Every structure is written in structure tokens, then in C-alpha cells.
Amino acid sequence: MVTPNHPSRSAARRGRTTRGLAALTAVAMLAGCSWVDRGEDDPTGEGTTASADAGDGGSAGTGGTTGGSTDTGGSTATSTPVAGGAPAGLEEFYGQSLEWSECEAAFECATLTVPIDYAEPEGGTIELALLRSAAKGDAQGSLLVNPGGPGGSGVDYAMMAGAVVGPQIRQSFDIVGFDPRGVGRSAPITCLDDAQLDTLLGSDPTPDDAAEEAEGEKILKDFAAACEQAAPDLLGHVSTVEAARDMDVLRAALGDEKLTYLGASYGTFLGATYANLFPDKVGRLVLDGAIDPTVSGLEMGLGQAEGFERATRAYVEDCVAGGDCPLGDDVDSAMKRIPEFLAELDANPLPVSGDTVTELTEGWGMYAIVVAMYAETFWPILTQALQRAEQGDGTMLMFLANTYATRSSKGTYSGNGMQAIYAVNCLDRPAEEGAEDLDSDAVLAEFTKVAPTWGPYLAGDGVCEYWPAQAQETIEDYSAEGAAPIVVIGTTRDPATPYEWAESLAETLDSGVLVTYDGDGHTAYGRSNDCVDGAVDAYLLEGTVPEDGLTC
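Q: Help me get a handle on the overall build of the chain, residues and values and all.
A: Counting its secondary structure elements, the chain contains 18 helices and 15 strands. Summed over all atoms, the accessible surface of the chain reaches about 19,400 Å², with 47% contributed by carbon and sulfur.

Structural data, given as C-alpha cells:
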């Protein structure tokens, strides 16, 4: 996920926009990229389709708001930590033993204690929630997984191990997921209640006048203030650098000499950060749907605007080719119809039935269209939803928007991902230096030129202009000199993490190896073809490094 940032329509009055409310891109699991579960971890044996949906809003996993586990009364097992090698002052954390207990019918849960502030480890601590899906055969170690976000639950991701990785990987690795600090069950940062979050996500993403601009600015300031009040001690300590340091503590507590890791979307940024902090601890890292860690927040918005434009055009081409496309009979006119439709929602929201949200606003409509860009399997659903919208019914589009937001029709959210994303992003990529001096008209023009449909939604700094916390540690060089080979995967028409970012990350990493999937949707492993899956499986299982530049 990355937050959209909307330019001011009154540039002469104010330089840079402060508008920017909700996430326009999302982690694979949180926002619509689905996998067909092989049923291996399904206690019923029936198998499921694992995707973000508009379910009951319940939270699966270990329970507890600060990382506690649900003990079902089963036996416990203890992980033996790796001896020695702990950074000075962190010996107690690196030497801790993990007490695993049965949970969620088919898994094991534990908690990991980490310092809030690594510069002052003797201060406060938090507990991170862990979930392990044990290897089906003899385990050759742990495979740590992260679904992205920031704000995605690694606990939930590991529960979908049968869908996330191939059967050979399940046979040979314990799949271990953790909720990063501030996320899910690990001291979650929750600033708004469900109704307030509905207001945030459904608000106007493209203010038309000074009054709407002022309203948007107030929403942003109030949100930032609410986060500061909700987590005053933790808010400045949920950066990706700190999450990566947590991963090394977890590696040691699991008893692994080297880290084996699969990260998707934002998880690639987390993995690249780990590699730079601990290059000698890099084992086999797979970074799928790569983020370029060197881009600024504004550059990220521009890249994503272009990525979503590219993906939307692919959808529209498919829609038009299929006939009876509700957007139009030719690609160019159908592309123009999307922003026209969103503008119509701004003026006249569509009624929604069976949901606590009764009107499909421009904000909700934006999410409904965006989520369908994450996987081709959503394209027919979007087409049908747009047909219903043309008939005056926004219910099906609201279902898609709920899928994006991991929200139920009852108005409940399955996690805090839609809020935690800001806490992490604003530390990792704060508002541009001198943002107030930038010409918002010029920024808007640049974004709109690159992406006529989505550019206006992604230009600016948004809530980070008002964020009350700063990162304690940053990284300047992402080369990870000395690290073992790191596999970077890019999808040519990925909307959320444009292919160019994978190229850049593979080049930036001294040991980066690029694998290309020529296709649509977000990420590639497990949802593309045997070429990608085979290369990743061989690398994780046997250490066979794919040919740099392999195209699948």
C-alpha cells in the first residue's frame, strides 16, 4: 500500500497540496491479489480461495492486541536461539527462546519480545505476534514471509502457506509469519474507530474548491493528531529499518544462522532493508513485486500512477475486446470514461444496499476500480459492477471497495492495515523537503501527463505533511555489499510496483538477480506460471540461483 496524494486546485493560494487520505496501492494480501489455496492447511480439508474479501471482519490468527497468542491447550515447543553474534546490548533479545503453542486448529503461535527503541534497548519493549505453519516433511529451516503493505499481517499470510508457496516448499520449510511492529496483533497502531475510518476512506479525493480543500486538510490533521494520541511512544518507532532489525532478532530466536525470506510488494522493501543492515546474515531472499528503495515519496507516487495507468489500459483493452463493455466501444474513449465516472460519483454518489455505507462516493469508487487491477481474476467482476453502476446501483462496486479495504458490509475492518500504512510510510518517506515551495499545478501537470486517469490521485505529500514523528534511523546505500545472491522479481504490467522498480532494485543490490514475468497483476510467484515458480522453488530448496535476466 502507498497513500494517494491529491493536488490542490488552488495552487496560487497554497503551494503544495495537503490532500491525500487513503491507500491507492496495496499489499498483495490486503488488497485484492488472490491465490487459490491448495487446501493443505485447511482443517476442513476442503480448500479455500485465499483473498481479501468483504467477510465478517473477524481477525484470524493469534488474537491479543499486543501480540498474545491463542493457546488451544495443545503441547508447546521451544525454538533454540542461535548462540552468539548478538549486537552489543541486545544479547537478551537475541538469546530469547520462543515458546510455541498450538493455535488456530492447525498452527503454532508464539511471541517475540523486541525493544521499542533499538538505540535504548533497556527501555520499553513490545511483543510481536508469530505464527508457524510446520513443514510437512523434514524441515531444513524456516522461511520467513511478509505479504507487504506496510500494514499486512504476516500471521495471516503464514496461515495461507498452502497458497503462498508451492508444495515442495511446504514440505521442506517451516513457514513463519510475523505481524510487524504497529500492525495486526503486534502493538497495533489504531487511530480511528471503524466509523471514522469509513469517513476517511469515503471522503473526497479530488477537492474542487477552497472549502473542500480546507475540509480535507482538517481530516488529515485530525488523523495525524489521533495517531499521536493513540501511540505516543511507538509512533516514531515503526519504520522499516526497525522492522528489519526485528527480523534479525526473530532469525536468531528461530535458531537460523542465515535468513531465508519471501517478501511481496512492500515486503521487498523490508527484505532489501534487512539485506543492507545484515548482509552477512542473508541466506536465500526472494523479493517479489519489488519496490525501488531509492525513490522519494513523490517519485513513488509518479511511478505508481504510471503503473496503474498501464494496468488499467490492459483491463480496458480486455473489456472492449470482450464486447458490451460498459466503458465504451474503443479503448481511448473507455479510458476517458473512468475519470468521468468518478467525477459523476463526486457530484452524485450511487446508492448502496446491504452495507452500513449507503452511498458509493468518489473515494469508495476509486478503490473499487483500483482493486481490480491487482489480478486479472477481478476484471470480469469489475465489468459487471460497472454495468450495475450504469443502471444506478453502486452495491457491487462497494463490495469491491470493501475487498480493497478488508472491510465487511457490517462496517468492521479485519485489521489496522489501512491505518498502519501511514505510520510506516510517513517515517520511511516523509513529506518532501521544501514541499510548501513546490508548484502544485506543475506537479499535477506532470502526474496527469504520465497518467491521465490516476495521476490526479497520486500527486502530493498528503498526511505526511502533518506527521508528528520522524524516523530514528535511515539508510542511504542499498547496495547490500557482501550479501549472497538476492532474487528480485518484477511483473511487466504490475500496477502497484511498476516493473521499472524491480529493474532498479536488482541493479542497486550488488548481488541482485532479476527475474521478469511478462504479464498482468501484482507480484508473480504463485500466480503466474511454472517458469517463475520453478525458478523460485529451485532457489529456495537447492540454492540454485536463476539466470540474471530470466524472462518468463
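Having seen it, we continue.
Q: Help me get a handle on the nonpolar core, residues and values and all.
A: If you look at the biggest cluster of nonpolar residues, it comprises 129 residues, and the most contacted ones within it are Leu397 and Trp467. Once residues within four sequence positions are removed from consideration, Leu397 is found in contact with Phe341, Leu360, Ala368, Leu382, Ala385, Leu386 and Ala389. Within the second largest apolar cluster, 33 residues are counted, among which are Cys109, Ala129, Tyr157 and Val165.

Q: Let's hear about the layout of surface pockets: which residues, and what values?
A: Of the voids in this model, the second largest pocket is the one considered here, and its volume is about 670 Å³. The wall of the second largest pocket is formed by 27 residues, among which Leu427, Asp428, Arg429, Pro430 and Thr474 lie closest to the centre. No other element matches helix H14 (residues 417-428), which puts three residues into the lining of the second largest pocket. Its residues placed into classes, the lining of the second largest pocket shows 14 nonpolar, six polar and seven charged.

Q: Go over the pairing of strand E5 (residues 107-115) with me, naming the residues and quoting the values.
A: In this structure, strand E4 (residues 98-103) lies alongside E5, joined through three bridges in antiparallel fashion. If you follow Ser101 over to E5, its bridge partner there is Cys109. What sits between E4 and E5 in their antiparallel hairpin is a turn of three residues, with Glu104 showing a positive phi close to 50°. Sheet topology note: the E5/strand E6 (residues 125-133) ladder contains eight bridges and is antiparallel. Note on E6: the bridge partner recorded for Leu112 is Leu128.

Q: Pulling in residues and values, what's your account of the packing of aromatic side chains?
A: This model, assessed by the stated rule, comprises 10 aromatic pairs. Here Phe269 and Tyr478 contribute two aromatic rings whose centre-to-centre distance is 6.2 Å and whose plane-to-plane angle is 40°, an arrangement assigned as tilted. Placement of the pair is Phe269 in helix H8 (residues 266-277) and Tyr478 in the loop between helix H16 (455-458) and strand E13 (486-493), with a sequence separation of 209 residues. Using a relative accessible area of 8% as the deciding quantity, one classes Tyr478 as buried. On the numbers, 5.1 Å between centres and 40° between planes, the contact of Tyr274 with Phe278 is tilted. Each member of the pair, Tyr274 together with Phe278, is buried.

Q: Can you lay out unusual backbone geometry for me, pointing to particular residues and giving the numbers?
A: Glycine aside, residues mostly have negative phi, and peptide bonds are mostly found in the trans state. The amide bond that connects Gly149 to the next residue, Pro150, takes the cis arrangement and shows omega of -5°. Counting through the fold element by element, Pro150 comes out in the loop between strand E7 (142-146) and helix H2 (154-159). If you check the backbone angles, Ala187 has positive phi at about 45° while not being a glycine. Relative accessible area serves as the criterion here: at 13%, Ala187 is assigned to the buried category. Although it is not a glycine, Ser265 sits at a positive phi angle of roughly 55°. Within the secondary structure layout, Ser265 lies in the loop between strand E9 (259-264) and H8. Taking the relative accessible area as the measure of exposure, Ser265 reaches 3% and is therefore buried.

Q: Can you break down the environment of Gly462 residue by residue, with the values?
A: Turning to its location among the elements, Gly462 is positioned in the loop between H16 and E13. Between the alpha carbons of Gly462 and Ala431 there is a distance of 7.9 Å; along the sequence they are 31 residues apart.

Q: Any details on a negative patch on the surface? Residues and values, ideally.
A: On the surface, Glu476, Asp477, Glu481 and Asp510 cluster together into a patch of negative charge. Using a relative accessible area of 51% as the deciding quantity, one classes Asp477 as exposed.

Q: Kindly report on the packing of helix H10 (residues 331-347) against helix H11 (residues 362-371), identifying the contributing residues and their values.
A: Axis separation between H10 and H11 bottoms out at 8 Å; the angle between their running directions is 150°. Here H10 lies roughly antiparallel to H11, going by the angle between them. Residue-level inspection shows Ile338, Phe341, Leu342, Leu345 and Asp346 of H10 in contact with H11, the latter providing Glu362, Gly365, Met366 and Ile369. Partitioned by chemical class, the residues of the contact of H10 with H11 number six nonpolar, one polar and two charged.

Q: Which residues make up the state of the cysteines, and what values go with them?
A: Enumeration according to the criterion identifies five disulfides in this entry. Here Cys426 pairs with Cys464 through a disulfide, and the sulfurs are 2.1 Å apart. Here Cys426 and Cys464 share a disulfide; its torsion about the S-S bond, -85°, makes the bridge left-handed. Here Cys426 is found in helix H14, whereas its partner Cys464 is found in the loop between H16 and E13, with 38 residues between them in sequence. Note on Cys464: relative accessible area 12%, which makes it buried. Residue pairing for Cys531: its cysteine sulfur links by disulfide to Cys552, the two sulfurs lying 2.0 Å apart. Taking the torsion about the S-S bond as the criterion, the Cys531 to Cys552 disulfide, at about -55°, is left-handed. A residue pair is termed long-range when its members are at least 10 positions apart, and Cys531 in helix H18 (residues 530-542) and Cys552 in the segment after strand E15 (550-551) qualify at 21 residues. When its relative accessible area of 16% is taken as the criterion, Cys552 is described as buried. Going through the chain in sequence order and numbering each bonded cysteine, the pairs you get are 1-2, 3-4, 5-6, 7-8, 9-10.

Q: Please set out the environment of Pro293 residue by residue, giving values where relevant.
A: Here Pro293 shows up in the loop between strand E10 (282-288) and helix H9 (297-321). Taking relative accessible area as the criterion, Pro293 reaches 9% and is therefore assigned buried. Sequence separation between Pro293 and Phe269 is 24 residues, and the spatial gap between their C-alpha atoms is 6.2 Å. In contact with Pro293, not counting residues within four places along its chain, are Phe269, Arg429, Tyr478 and Leu505.

Q: Please set out the pairing of strand E14 (residues 512-520) residue by residue, giving values where relevant.
A: Burial of E14 is extensive: eight of the nine residues sit out of reach of the surface. Sheet topology places E13 next to E14; seven bridges connect them, and they run parallel. Across the sheet, residue Thr491 finds its bridge partner in E14, namely Tyr517. Crossover connection from E13 via helix H17 (residues 499-508) to parallel E14: handedness right-handed. Taken together, the two bridges between E14 and E15 define a ladder with parallel strand orientation. Bridging from a neighbouring strand, Val515 pairs with Leu550 of E15. Considered for its hand, the β-α-β crossover made up of E14, H18 and E15 is left-handed.

What counts, and where the lines are drawn
Residues numbered from 1 in each chain as written. Predicted model: local features only at pLDDT ≥ 70, side-chain atom pairs only at ≥ 80, totals over all residues. Heavy atoms only, no water. Helix = DSSP H or I, 4+ residues; strand = E, 2+ residues; numbered from the N terminus. Areas by Shrake-Rupley, 256 points an atom, 1.4 Å probe, with all protein chains shown as cover. Core = buried A, V, L, I, M, F, W, Y, C linked by side-chain atoms within 4.5 Å. Buried < 20%, exposed > 50% of the residue type's maximum accessible area, 1.4 Å probe, protein only. Contact = heavy atoms within 4.5 Å. 1 Å grid on protein atoms, 1.4 Å probe; cavity = no way out; pocket = protein on both sides within 12 Å on 5 of 7 lines; lining within 4 Å. Points joined across faces, edges and corners; volume = space filled by probe spheres on them. Nonpolar A, V, L, I, M, F, W, Y, C, P; charged D, E, K, R; others polar. Pairing = 2+ DSSP bridges. Phe/Tyr/Trp six-rings, centres within 6.5 Å; stacked < 30°, edge-to-face > 60°. Patch = residues over 30% accessible without salt bridge, like charges linked within 9 Å, V, L, I, M, F, W, Y side chains within 5 Å. Salt bridge = Lys/Arg side-chain N within 4 Å of Asp/Glu carboxyl O. Lys, Arg positive; Asp, Glu negative; His and termini not counted. Charge placed at Lys NZ, Arg CZ, Asp CG, Glu CD. Axes fitted to C-alpha atoms, helices over the stretch in contact; angles between N-to-C directions. Parallel < 35°, antiparallel > 145°, perpendicular 65-115°, else oblique. Disulfide = S-S within 2.5 Å. Right-handed = clockwise from strand over helix to strand, strands pointing away.

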